[in-house]
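# Inside the fold
The primary structure of each chain is shown beneath.
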Amino acid sequence: MSAISVKKLSFSYPCLQADTAAAAERAAQEQARLVLRDVSFELAAGDFALLCGYTGSGKTTLLRHLVPALTPQGTRTGQLTVKGSVGFVQQDPDNQIVTDLVFHELAFALENQGMPTATIRRRVAEVASYFGLEYLLESPTHTLSGGQKQILNLAAAMVCAPDILVLDEPTAELDPIAAQKFFRHLQRLNKELGTTVLCCEHRLDEVLTLCDQVLLLDNQGDKHQAAESVQTFTPQELITYCAHTDTQLTLFLPEATQVAIACESSERKAQRTNWPLDVRSGRAWLKEYRSKMGQSDHLFPFTAAQPPCAAQSAIVLRDLCFRYSKHEPYVLTHLSAEFAQGQIHAIVGGNASGKSTLLALICGLLKPQLGQVRINKQAGLAALPQNPKASFLHDTLLEDLLDAYAGSDPAAARQMAQRLQLDQLLDRHPFDLSGGEMQKAALAKLLLTDPDIILLDEPTKGLDARAKQEMGQIFTQLAQAGTTLIIVTHDLPFAARYTHSCSLLAAGQIIASDQTQNFFAGNSFYTTPTNRMAKHILPHCVTVPDLVDALTPPPTPVTAEEGA
Amino acid sequence: MVAGNPANIALARRFSLLHPAVTLVFFAGVLLLTLLSYHPAILLLSLVCAALNVCLYLGPARLLATSKWLLPMMLIVVLFNLLLNRRGATELFALGNHSFTSESLTFGIAIALMLAAVMLWFLLYQQFMTSDRFLYLFAPLAPTTALTISMVQRWIPLTKYRFEQIRSAQKMGGESDQRFTTLGDQSDQREPAAATTSWYRCGRKIRLLLRCLSALMSWSMEDAIQAADSMQARGYGSKDAAQRPAKRSSFRSYRLTTGDRLILAALIVLVVVAALTLFVTTRDLAFFPIFRGAQQLSHFALVASALLMSFPLLVEGGQYLRCLQSASKN
C-alpha cells in the first residue's frame, strides 16, 4: 500500500507579470517557469524516505504539495494522492512556535480541532513523555534551546498522530549534536509508531543510515531548470550513482563514504554494493581495502609536528573571568589564550560552554569582570552574527553593501560582490537569498569595512556541503591576505579542513589548544568521523583528503604496477 | 499534568496550589477594598498586609528593593499634594500667601498609601496569576482572544531577541565602538564640520535606530509567514467548513477541590461583608474642607478587611501548623 503516490506532477507558480500579450508566448513562458516537471514517485506506508536535490530544484514546492493545508497556488497537472493525515515540520525552529508555553504549543493543533479538554490533556501528556519534554511543559517557549525547540515542533506536529510526517530541512539551523538527537527521534517515530517519514535534508551523512529510500530530485545543478525527474534509490544505490556520475553530490555524503569513493578503482566501484556509511562500516572497509592493497595494518606512528613559530599575536586574552550577573555562576574562569595573526582559529566546545560569550568579550560587546583582552589598537574588528538576517537593514543587497561603511563607493561594493560571486544578486532583497548566499552577503558587508580581525559565530550553520566548501575557500583566501579569523563552531569536519588552530572550550577555560591536525589527532571523542575511522592505523588523518592521500599510494609506481 | 505551579518563582506554597478562581476573587476583593475606600486606616492595613505578603512570597530582599523606589514615590505624592492642593480649612503653616493645610497632607498620605498598596498587590498578582491561570479562567469565554494573548506573549521575547541581534550586528559590523555612530550615512564625508556637532550625531543615531526598527519589521514579517504556515498545517483556520469545529477548545484545567470551594465561599463572604460595612460606615468620610467621618469606621469592617488581606498569611500559617503536627506524629 502506498502512502504517497505522485504521477507526472507538473507545477508552476502563477504568472506575476500581466503584460504578456500573446497567449502562445505566455504558455511558452509558463512552460519555462515550471518548478516541477513530470515528477513521479511512490512511497510505501511506513517508509523512511529522504528527499534530496540541489538548491532551487523545487524540493520545498514538492513537499508543500503533500500537505493539504499548504498546497501552493498555481497551475498543477498530474496526479497526487496522499493517504492519511500529514504532519509538517519546517526549517526554522523559532518561527514555527506560535504560543508562549510548551504545553500550549503541544495543545494548539488539538484545540483547533475543538477536542474535549480531557482528551487534549491526555494527548499532550502522552506526547510530552514520548519526546522527553515533560520537564519543560511549564516553560516559556523562548527559554528553550534551538534543538529543544525543534523537538517541540516535531512533537507539536505528532500530537495529532499523523500517518505521514513531512519535514523540510528540519535540522538546517541546528548544531550537529542537536541534529543527531532530532534524527534519533525521527527514527524512533518511524520504527515504533510506523509513521511514514519524508524528510528533505542536506545532512546526508546523518540520514543516510536511517532511511530506506532516497528520492533524488534532479535538475542537473541548474537553478533555472525545473526538476526533470525523481530517481528513487536505496542509500547504497545512491552512493554507487554518485560514485559514477555526480561529483558534486559526493560532497554531501558521509565522510567514510567519501573516502571510499575517492579510493576505490572504477571497476570496483561498479561492483560494490556495501559502501561504508558510518565509522563502524568505515573501519571494516578500511581493513578490507588495506589488505587488498597490501598495506600493513599496524599503527602508523604519529609525532605531533611542532607548530611553526607564529609571527605575531593578533589577540591576547589574559585571565578572563566573566559572568552575566551577580547571581549566576561564572561562564568563563581565568581564560587565557593567544591567537596568531593571519590564521584561522576555531573555538569548539559543547552547547552553553561560553563560546559565543567569549566572542562577545573579544569584540567588546561585553566587558570581563577580571582580566583583559589585548588587541592591537589600529586593528579593525568585525563580527558576523549567528543569524545573517540581523546584518541587513535595506531593501536590496546593493544598498546594504553601500551602507556597510561610511563613504564606501559603489565600485568597491560591486567589486566585493564579484569577489564573493554575489554580483547577480545585487538587486534582490537580502531575505530572498538562499542560506548560503545570505551568509556570503553578510560576510561581504563585513569585508567592506576592511577588518583585520573577523569573528564568526557558527558560519556554517544552515549551509549545505557545497556552500560550506565555498565559505571555507573564502576564509582561506582572507587568511592568506593577513586577516585573522576566529570561528566558533560545532562543525568539526569544517574546522579540521579549513582552520590552522583549534581550541577546546570547556569548564570556562581553554582546555586544549593546538595546531588543528595535532588537536584532532590527539582527541578520541571530540574529533572528525574520518579521524575516528582511521585512528587505529593512521592517527594523523583528520580530513577526507588526508586519509585519501595516505591510502592511495604515490601515483607513479601504482600506474606502472597496474599497467603491468 | 498541570498543577498550576509555575516554575519561575519559589511558589511551592499552598496559596499557589489554589484554584485560579480563588486567586482571582482574592485579588479582586483586595483591590476593590483598597481602591474604593479612602479611609487611611484601611489603606494602611492594606499596605502592611501587602508588604507582609511580598515578604513571605518574594522574600525580604525583594521588598527592600521595591521600597527603594516605592518610598520616594510615596514621599513625592505627599509633598505634591501638600504643595499644590489648596483646599482644606486647617492651616498648618504658610509661606507668603500660600497656606499649607493639614487636610491636603492627610489626603496626600491616603493617596500615597493607596498607590503603594496597589503596586505591591499587583506585584503579587503577577506572580500568582500567571498567563496560563488567567487564560484558564477566560479562555472558555473568548478562545480566540486567549490564543491572541498567548501569541503576543510568545512574540514579545522573540522580537526583543531579534532587535538585540540587529543592534549588536550593527555594533560589531566594523570599526568597533565608532561603528554605531558612523554607520548609516555617507554624508559625513562631505560635511566634516557638521559631523562634529552633537545634534548632527544625535540625528544620525536616530536615523540608524529607525533603520534597525524597519529591518526588524521586515524580519518579523518575513518569519511570520512561516508561523502562519505552521498554524495552517496544524489545522488553524481550516478552509474546509466541515472540518472546522464550531469553537476552539481549551485544554487548560484545574480541579476545584473541596478545600477550594470552602475557601472560595469564605473569601466571597469576607469580601461582601467587608465591602458593605466599609461603604456604609465610611459614607460620610470627607477630606475637605475638614477631615471628618473617620471615627465611624465599624470594627466589623476593619476585622473583615484584615482577615481578607492577611488571607494568604493565614493559609500558609495553617499549612505550617499542619506540617508541624505531622512532623510531631512521626
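In this text, all values refer to a predicted model and were calculated from it rather than measured experimentally.

Under the definition given, this model contains 29 aromatic pairs over all chains. Their ring planes at 85° and their centres at 4.8 Å tell us that Tyr-57 of chain B and Phe-128 of chain B sit as a pair that is edge-to-face. Here Tyr-57 of chain B is found in helix α3 (residues 40–58), whereas its partner Phe-128 of chain B is found in helix α5 (residues 102–128), with 71 residues between them in sequence. Given the relative accessible area of 2%, Phe-128 of chain B is considered buried. Between Phe-287 of chain B and Phe-288 of chain B the ring centres are 6.5 Å apart and the planes differ by 45°, which places this aromatic pair in the tilted class. For the pair shown, Phe-287 of chain B and Phe-288 of chain B are each scored as buried. Put simply, the rings of Phe-15, Phe-26, Phe-27, Tyr-57, Trp-121, Phe-122, Tyr-125, Phe-128 and Phe-311 of chain B pair up and form one aromatic cluster. For the cation-ring pair, Arg-188 of chain A lies above Tyr-130 of chain A, with the distance from its terminal atom to the ring centre recorded as 4.0 Å. Across the ring face of Tyr-254 of chain B, the terminal group of Arg-133 of chain B is positioned such that the distance to the ring centre comes to 5.7 Å.

Moving on: the interface of chain B and chain A. Contacts between chain B and chain A engage 61 residues on the former and 61 residues on the latter. Together, the buried faces of chain B and chain A total about 5300 Å²; carbon and sulfur atoms form 55% of this surface. Seen at the junction of chain B and chain A, the total is 17 residue pairs in polar contact (both at pLDDT 80 or more). Mapped onto the side of chain B that touches chain A, the elements with two or more residues apiece are α6 (131–138), α7 (143–171), α8 (179–182) and α10 (198–233) of chain B. Here the side of chain B that touches chain A gets 16 residues from one element, more than from any other, and that element is α10 of chain B.

For α5 of chain B, built from 27 residues, the straight-helix expectation of 39 Å at 1.5 Å per residue is met to within 8% by its first-to-last C-alpha distance of 39 Å. Burial analysis of α5 of chain B places 19 of its 27 residues in the buried class, the great majority of the element.

With an omega dihedral of -5°, the bond running from Phe-288 of chain B to Pro-289 of chain B counts as a cis peptide bond. You can see Pro-289 of chain B is positioned in the loop between α11 (258–281) and α12 (299–309). The phi dihedral of Glu-458 of chain A falls on the positive side, at around 50°, and the residue is not glycine. Structurally, Glu-458 of chain A can be placed in the loop between β15 (453–457) and α17 (465–480).

Quick notes on the rules
Residues numbered from 1 in each chain as written. Chains lettered and ligands numbered in written order. Predicted model: local features only at pLDDT ≥ 70, side-chain atom pairs only at ≥ 80, totals over all residues. Heavy atoms only, no water. Phe/Tyr/Trp six-rings, centres within 6.5 Å; stacked < 30°, edge-to-face > 60°. Helix = DSSP H or I, 4+ residues; strand = E, 2+ residues; numbered from the N terminus. Buried < 20%, exposed > 50% of the residue type's maximum accessible area, 1.4 Å probe, protein only. Lys NZ or Arg CZ within 6 Å of the ring centre and 35° of its normal. Contact = heavy atoms within 4.5 Å. Buried area = accessible area lost by both parts, 1.4 Å probe. Polar contact = N/O pair within 3.5 Å; in protein donor to acceptor, adjacent residues only side chain to side chain. Expected span 1.5 Å × (residues − 1).

Interpretation in functional terms is not warranted from these geometric data alone.
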